[in-house]
Number of protein chains: 2
Amino acid sequence: MKPFADLTRFINPRNVAVVGASARESSQGRRLYDNLVLHSSVPGEIYAVNPAYQEIGGRPCWPSISALPRQAEIDVALIMVNASLVLDALRQCAARAIPFAVVMTSGFSEAGEEGQRLEREIAQLCEATGLHVYGPNCPGFVNVRDRLGMTFSPAFKDDLNTGSIGLATQGGGLGRNLLQGLSHGQGVGLWFSAGNEVDLEIPDFIAHMANDPRIGVIALLMEGVKDGRRLTAALELARARNKPVVVLKVGRSEAGVRAAQSHTASVAGTAAVNSAVFRQFGAIEVDDLDQLLAASRLLTRITPKSGNGLCIHTFSGGTAALAADIAGAAGLPMAVFAPETKAALRKLLPDFASIDNPVDTTADILRNPEASAACLRAICADPAVGTVLFPIPMDYGSITDGMAQAIATVAAETDTLIVPVWMSRRLGGGFQLLETAGLLPFLSLSDAIAALSKAIPWKRPERGTAAAPAHADAAPGQARMLSEAVAKSMLRAAGLPIPEGVVAASAEQAAHEAERLGFPVVMKVVSAQIAHKTEAGGVKLGIASAGAAREAYAAIHESVARHHPEAVIDGILVERMLPPGGREVLIGVHNDAAFGLVLTFGLGGIFVETLRDVAHRMVPLSRDDARALLREIRYADMLDGVRGQAPADRAALEELILRVSDFAWSHRDALLEMELNPVWVGAAGQGAMPLDALIGLRANADPGLELRQP
Amino acid sequence: MKPFADLTRFINPRNVAVVGASARESSQGRRLYDNLVLHSSVPGEIYAVNPAYQEIGGRPCWPSISALPRQAEIDVALIMVNASLVLDALRQCAARAIPFAVVMTSGFSEAGEEGQRLEREIAQLCEATGLHVYGPNCPGFVNVRDRLGMTFSPAFKDDLNTGSIGLATQGGGLGRNLLQGLSHGQGVGLWFSAGNEVDLEIPDFIAHMANDPRIGVIALLMEGVKDGRRLTAALELARARNKPVVVLKVGRSEAGVRAAQSHTASVAGTAAVNSAVFRQFGAIEVDDLDQLLAASRLLTRITPKSGNGLCIHTFSGGTAALAADIAGAAGLPMAVFAPETKAALRKLLPDFASIDNPVDTTADILRNPEASAACLRAICADPAVGTVLFPIPMDYGSITDGMAQAIATVAAETDTLIVPVWMSRRLGGGFQLLETAGLLPFLSLSDAIAALSKAIPWKRPERGTAAAPAHADAAPGQARMLSEAVAKSMLRAAGLPIPEGVVAASAEQAAHEAERLGFPVVMKVVSAQIAHKTEAGGVKLGIASAGAAREAYAAIHESVARHHPEAVIDGILVERMLPPGGREVLIGVHNDAAFGLVLTFGLGGIFVETLRDVAHRMVPLSRDDARALLREIRYADMLDGVRGQAPADRAALEELILRVSDFAWSHRDALLEMELNPVWVGAAGQGAMPLDALIGLRANADPGLELRQP
């Protein structure tokens, strides 16, 4: 691997030559020269080079690099001449042992074959001579913190706000967006933008910034990865130096994936591999430019405390609820207040305020900016609070100005990270105040929480410590649960397709019925007290002979008695087994407090709990609803043919969903819940059939309901 | 279901009474009275009611509602007295047959039991008398378009921008945010905010707005659903009237889900059911307040053309690529330009611009605002372009001001939706111009694309018409594919656990080896030409006897010969079959152009293509990397025990991943790709073992490599 370049003389050159400096006002060559002469502080000399001039703006101009005074020890040559002249200029640089050249001119590999050839020659020259070339096809380099603009950008003279963010971009334009956004507070210290990267590359800049003590955060805007191993080595170095790296990778379409015989490459995809590598090497990947800006800035502000826990603090109940919703969905850990914090808030706030997290001071606080600052101080003093999200939902003129001032004051005092969100599009004085204070107010809650989620190393509770949801065979509560056999006979009577089966009361009867039905059969315990039959050993599949049926009968009785000594066993259900290869789905209905009966469709069996891939509709459903459900689940593809599998019988599944909906609707006064899981779905033409059924009726439902089917 | 209230006299009352009007400056009672007297245009009389005053601001004041002049026909009584006095005031309203009362006072169900009791009494009064009550605990009602502020908000006097958006909120505060955001262009015409909704509810307001010809879009900000069936009936009505509904539902935590014996209810969850119902009834659900605002406004601007296709138009290549990435990820259909459009752009733009969609005019356009408008006109004239996304990445002062003016000008002429994005935080003149023109510039690409995705009815190509990825048994290209048997022996030699097996050359040998290995066995065709053996009928599972092994041998030969007459069959691999109940995962390695060998881990078998649940690491991996991979896949739970299943053997799986990584790394010069799929993973202690293996070497790799294992 090519070692990283030592950029010391490049970042802080003593003497600079400008090849292609121009006397013509508003030409790029003039702007470049003026940026150095008028707007930069270069400790040594700036040499203009252009055979067309003797002097530019009253200063001397030389015809070529070779013609420069022998004693001129140039650190960086800036080259802005026609592409066809670049190679010659670079050769002169190499001949004089100038270590760095910046080629701004366009017309190289981005322009076609001739440009690509030129670029290859530059690369060879670099390799042969040790000359380092930055570019070509780039806007140059800006060392904001030392006021050095090796760029033709007319905006450079206004790049006055500096700071600890180091920025490397490939395309030139978008870096400007970040500089404009970071014009208060911690700004950009160095901005590399090396265009075609013929020699110096993003990894060289990352490596430099990782070692640069004045850079704290590295922001990258990348379009392609030239050399993955150099990139990861540079990221590794940044991680070793504790410099967080934020990256926005543009060009994530899947088009570039090579055709491959294995699945691996096509499943991987270039974008996914990039993302995985960023994750592997600790870089934070973002999806948009505003996120790159916000996350980079947040990273300059975080302290060791920031990840302790999130507090939401606002003066509107709706805003508090909304922010808590979005933070909850993002999985941010909410801080639990110490008793002293609550006591302090209790004193400061009216009785009807919420002194728990999220804090809703109520609009009462608007009359009292002092209380606003005092609340914020109390919250920031709590060790459990690492970050305070402070949404301001409306612009209330001088009232919200005062609140913004309180935020800025407290933010300057505390090591707790305070993140304001200015939610109104009326960007009043309060917004300006927060912006000028360098707090970079977010403009939407979602954006703020997304950035907090990515930039802050939250101390999350260990996975798996949360209590598992109580499920098991809970007491039926208000529901009267029907046994599978009763539920199925009710559904069969209502016209649903149900596997043929009989409840057997003895091993002998089981064997006899199994023979009559035809092997293989399934046998299942019938008991209203057992909701999870499989776990209780109450289900035997694939029984292939009368002898096996007798054995299964005994085994089920034995196992169920061991797991549920209290359960009443009504018999053993013997059913024909459906052919293998069907998909398993779930169709369920439950009673929602607001909407009444709601039907759920999704992938069945173990997928219910792992994938939770379900979709819902209010009962009753139309045929369009049923069809839409099949499309709406995330892995709707499961119903199509994958790997040579035949497509599922969608028509039968739709029909079954409609029948469940009709069944539920016609029993809407009595039905609390029902679940068909799994429902077997065969290939097109084979049908769809519930293999298991659970029905829960209201305790006060007509006790004869399940028996009085037509 | 309670019928929807007829709100005609409420929306446009002739005479209004203000109970609790106050003479005290800056009291809420005074602000309410002043909003009506000074800032509203009420066609009839405004009656002040307060026993403490004879007159307020020079106008008469009555002691009670009962004491109002007999001929005063009041349409709405606004009530702002202590909670304990409200019921009496409402009784007086009912006695005078006043149809509507707005109770603004707090201290009802939100405050505790006594308040809940009072609220129940109000409900009973409404039911008994037909009085309609709006509130309590609310900021009132604002009819912006007719200048009627039945509210105590001091901000009402500035609510001057009106339009076709109808807004209903529950909590009061956040509606203000929307009014502030919609202060130019189409604004809010009616704003309902009925607090505790004791009688009039969100569905009543939706129903009114659905029928109101001056309302075009309905925006809802909801905290709870009181009556799901009334809500859905109102949404149904809005859909029937072609009024789009946008809803932000606050309070989506899962806490409210009742314990249930079936999975359905707990999988469903209140929030998911709410979302499903909104979808079922055609409402557009958004996640944040700025999205509610943006989507509502977009909906006032869309035309029948808007969904035809998206065009991205900008002057920066990086921005064009970024926008295309984000739009692609959101699945927005990109417009394909007509030849005339391209010809027009070709004339207007420099050679190096991109005249395809996304259009990159290049920064050249910055010198020429006329060309900017002309390009935009040409694009908008294309029938395939329904919406133009116009990101402006930087503020360039007067240059971007001119561009904003061009956008505003063209937007006023065309039925193509133009959506500007002002990406810089420097909100200069161009931003202000777009804002004032009512174009509501977005501030981030992601936000803009999320809103476009939700608000616009895109005409998407029918699902499934896209060509399936060419997979099948493609030509091996540059890779030399090893047969499964050779690949497995290579892996076995490298120390990977591989099922015991032998390649049989005859049916007799197969039967013999199967007996030696012990039943059941698996038999698979061995041929370097067949990548997908199952589809070719080249795999038989669960072979339980010597006779079955002979049959399988013949059947495989027959089927493979039919599917791949050209394939060379090297024999039939006979392997011991692993015990049932294992999970299937995939471990693969491929060669990434930038990063070299990359390992992929994920769920295997059919899940590879359906779930695409995979994670990646660069080779070589550390043990931490391997461990992290197991956690990183989305359905990592699959490796834990679900439904009584034992947890998977994670230790063995980690070890296997490391061995694959080592194997790949040690053959990094020769290896192009490898895939172990499925890998069988047993319960803890049972191990993990690849059941199938595919290895592709570089065509120029040492031909003896696979044979020369230690």
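Structure first, text after, so check above.
Procedures and definitions
Residues numbered from 1 in each chain as written. Chains lettered and ligands numbered in written order. Predicted model: local features only at pLDDT ≥ 70, side-chain atom pairs only at ≥ 80, totals over all residues. Heavy atoms only, no water. Helix = DSSP H or I, 4+ residues; strand = E, 2+ residues; numbered from the N terminus. Rg over C-alpha atoms; globule rule 2.2 N^0.38 Å. Buried < 20%, exposed > 50% of the residue type's maximum accessible area, 1.4 Å probe, protein only. Contact = heavy atoms within 4.5 Å. Areas by Shrake-Rupley, 256 points an atom, 1.4 Å probe, with all protein chains shown as cover. Lys, Arg positive; Asp, Glu negative; His and termini not counted. Charge placed at Lys NZ, Arg CZ, Asp CG, Glu CD. Pairing = 2+ DSSP bridges. Axes fitted to C-alpha atoms, helices over the stretch in contact; angles between N-to-C directions. Buried area = accessible area lost by both parts, 1.4 Å probe. Salt bridge = Lys/Arg side-chain N within 4 Å of Asp/Glu carboxyl O. Polar contact = N/O pair within 3.5 Å; in protein donor to acceptor, adjacent residues only side chain to side chain. Nonpolar A, V, L, I, M, F, W, Y, C, P; charged D, E, K, R; others polar.

## Remarks on the overall build of chain A
- In terms of regular secondary structure, chain A is built from 22 helices and 29 strands.
- For a compact globule of 710 residues, the expected C-alpha radius of gyration is about 27 Å, and chain A comes in at 36 Å, more than 25% above that figure.
- Dimensions of chain A, computed from C-alpha atoms along their principal axes, come out at roughly 110 × 70 × 45 Å.
- The buried share of chain A, taken over its 710 residues, is 58%.
- When contacts within chain A are restricted to residue pairs at least 6 apart in sequence, those whose partners lie at least 24 apart make up 70%.
- About 26,900 Å² of surface is accessible on chain A, with carbon and sulfur atoms providing 53% of the total.
- Each charge class in chain A was averaged separately, 64 positive and 76 negative side chains, and the resulting centres sit 4 Å apart.

## Quick notes on the sheet that holds strand β21 (residues 521–526) of chain A
All names here are of chain A.
- The antiparallel open sheet is built from four strands, whose spatial order is β20-β23-β21-β22. Edge positions in the open sheet fall to β20 (501–504) and β22 (539–543), since each of these has one partner strand only. Strand-to-strand, the axes of this sheet are offset by a mean angle of 20°, without reference to chain direction.
- With four bridges joining them, β20 and strand β23 (residues 571–576) adopt antiparallel strand pairing. Counterpart to Gly 501 in the pairing with β23 is Glu 575.
- Along the sheet, helix α17 (residues 484–493) makes contact with β20, β21 and β23, crossing β23 at roughly 45°.
- On the sheet, helix α19 (residues 546–563) packs against β20, β21, β22 and β23 and is oriented at approximately 30° with respect to β21.

## Observations regarding the side chain of His 313 of chain A
- Locating His 313 of chain A in the fold gives a position in strand β15 (residues 310–314).
- Each residue touching His 313 of chain A, except ones within four places of it in the same chain, is listed here: Val 359, Thr 361, Cys 375, Leu 376, Ile 379, Val 388, Leu 389, Phe 390 and Pro 391 of chain A.

## Notes on the interface of chain B and chain A
- Contacts between chain B and chain A engage 118 residues on the former and 119 residues on the latter.
- Carbon and sulfur atoms supply 55% of the area that chain B and chain A bury against each other, a total of about 10,200 Å² over both sides.
- A salt bridge links Arg 279 of chain B to Glu 632 of chain A, with the nearest nitrogen and oxygen atoms 2.8 Å apart.
- Counting across the chain B and chain A interface gives 29 residue pairs in polar contact (both at pLDDT 80 or more).
- Among the elements that take part in the side of chain B that touches chain A, helix α9 (residues 270–280) of chain B stands out by supplying seven residues, more than any other.
- Partitioning the side of chain B that touches chain A into residue classes produces 54 nonpolar, 32 polar and 32 charged.

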